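Now for the letters of each chain:
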Amino acid sequence: MSSGMVRAQKSDYEISLMEKSGKIHRRVLEERVPEIVSEGMSELDFALKLYSLMMEEGHHGVARFGMFDTEILVGQIGFGESSIYPTCFNGPGGATGLGPAVPLLGSRERKLKRGDLIFADTGSGFHGYHTDKTMTYTFKEPLSEDAVESHNGCLEVQDRVASMLRPGAVPSEIYRDVMESLNKDFLKNFMGYGDRTVNFLGHGVGLLVDEIPVIAAGFDEPLVENMVFALEPKKGVKGVGMVGVENTFVVTPSGGRCITGTHPGLMLIE
């Protein structure tokens, strides 16, 4: 392993902290979000209540990113097509945020209504170590069959990539093999929307939310046990928003072990 990759392999102690972050993530996004959702609330209302839940459950308060040398409080939050609104962030999701100067948290104007997709891409952390997770919800009624089909296709990609997270596997080969297996229709608006898409399927996580290696072309060093990846296959759907999934996995001899929960997403909130 090259010197630049040393931090990519976590110790058992580091994994234990990330597991605690993952439990916070699972508890908040898979169990507690329905208690804060109500018709007519704004994206900002939702983001602030979500942040409060995360802090109640033990989140260390910020999510640290290396690419922008910055820290954020919650993540990308959006109702409906807000979640495919273009941003400069190097990820598949979008957000309108508070405005062009602060594309964070959520819009004060966009209010939740029946049939909306709710998109929540958040970083959690415990004692300095992070996990990354995205959950989607539907409010009052399910999405269209086409949107559900696109979401389920993303779940299949996540599960396939997770099964390949074994010592000795090569990230660039995982990326190539999976991308080449996807049909042309599915690839349209996969990992983004319109002309704003990203060329990866997952990224390392640790002291920062965005670490190396990346499941992408150019990352040719083999995986080793206890590397940790966030896998985030997502797909933009016109008139709906960003469907798909993200969870954090530890590399093991039997494949990726998820530490952020198992809910498939598109949770119906009545």
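Residues numbered from 1 in each chain as written. Predicted model: local features only at pLDDT ≥ 70, side-chain atom pairs only at ≥ 80, totals over all residues. Heavy atoms only, no water.

Let's talk about the environment of F126
Piece 1. For F126, the position within the fold is in strand β4 (residues 117-126).
Piece 2. Classification of F126 as buried rests on a relative accessible area of 18%.
Piece 3. Along the sequence, F126 and H59 sit 67 residues apart, while their C-alpha atoms lie 5.8 Å from each other.
Piece 4. Discounting chain neighbours no more than four positions away, the residues touching F126 are L17, K20, S21, I24, G58 and H60. (Helix = DSSP H or I, 4+ residues; strand = E, 2+ residues; numbered from the N terminus. Buried < 20%, exposed > 50% of the residue type's maximum accessible area, 1.4 Å probe, protein only. Contact = heavy atoms within 4.5 Å.)

Brief notes about the layout of surface pockets
Piece 1. Space inside the largest pocket adds up to approximately 740 Å³.
Piece 2. Taken together, 35 residues make up the lining of the largest pocket; nearest its centre are F65, F68, F89, N90 and G91.
Piece 3. Only β1 (63-65), β2 (70-72), β3 (75-79), β4, β8 (202-204) and β9 (211-215) provide two or more residues apiece to the lining of the largest pocket.
Piece 4. Of the residues that constitute the lining of the largest pocket, the class distribution is 16 nonpolar, 13 polar and six charged.
Piece 5. Considered as a void within the structure, the second largest pocket measures approximately 180 Å³ in volume.
Piece 6. As for the second largest pocket, its lining consists of D146, A147, E149, S150, G153, F186, K235 and V237.
Piece 7. Mapped by element, the contributors of at least two residues to the lining of the second largest pocket are α3 (145-163) and β11 (234-237).
Piece 8. Among the elements that make up the lining of the second largest pocket, the one with the highest residue count is α3 (five residues). (1 Å grid on protein atoms, 1.4 Å probe; cavity = no way out; pocket = protein on both sides within 12 Å on 5 of 7 lines; lining within 4 Å. Points joined across faces, edges and corners; volume = space filled by probe spheres on them. Nonpolar A, V, L, I, M, F, W, Y, C, P; charged D, E, K, R; others polar.)

Re the packing of aromatic side chains
Piece 1. For the structure on display, the rule yields two aromatic pairs.
Piece 2. Centre to centre, the rings of F186 and F190 are 5.1 Å apart; their planes meet at 40 degrees, and the pair counts as tilted.
Piece 3. The lysine or arginine in question, K235, covers the ring of F186, its NZ or CZ lying 5.2 Å from the ring centre. (Phe/Tyr/Trp six-rings, centres within 6.5 Å; stacked < 30°, edge-to-face > 60°. Lys NZ or Arg CZ within 6 Å of the ring centre and 35° of its normal.)

Structural notes on the sheet that holds β9
Strands pair in a sheet through their backbones, by hydrogen bonds, and they do so in one of two ways: parallel or antiparallel.
Piece 1. The five strands lie next to each other as β9-β8-β10-β13-β14, forming an open sheet whose pairing is antiparallel. Since the sheet does not close on itself, it has two edges, and those belong to β9 and β14 (257-258), each with one partner. (Pairing = 2+ DSSP bridges.)

Observations concerning the nonpolar core
Piece 1. Judged by nonpolar contacts, the single largest core of 35 residues is most densely connected at V33, V37, F46, L50 and Y137.
Piece 2. Once residues lying within four places of it in the same chain are set aside, the contact partners of V33 are V28, F46, L50, L53, Y137 and I269.
Piece 3. The next biggest cluster of nonpolar side chains, apart from the first, holds 27 residues, and it includes F190, V198, L223 and L231. (Core = buried A, V, L, I, M, F, W, Y, C linked by side-chain atoms within 4.5 Å.)

Some thoughts on the packing of α3 against helix α4 (residues 171-181)
Piece 1. Two elements in contact, α3 and α4, have axes separated by 11 Å at closest approach and are oriented at 150 degrees. In terms of axis orientation, α3 runs roughly antiparallel to α4. Considering the relative orientation of α3 and α4, their crossing is right-handed. Seen from α3, the contacting residues are V157, R160 and V161; seen from α4, they are I174, D177, V178 and S181.
Piece 2. For the contact of α3 with α4, the class distribution of residues is four nonpolar, one polar and two charged. (Axes fitted to C-alpha atoms, helices over the stretch in contact; angles between N-to-C directions. Parallel < 35°, antiparallel > 145°, perpendicular 65-115°, else oblique. Left-handed = near helix turned anticlockwise from the far one by under 90°.)

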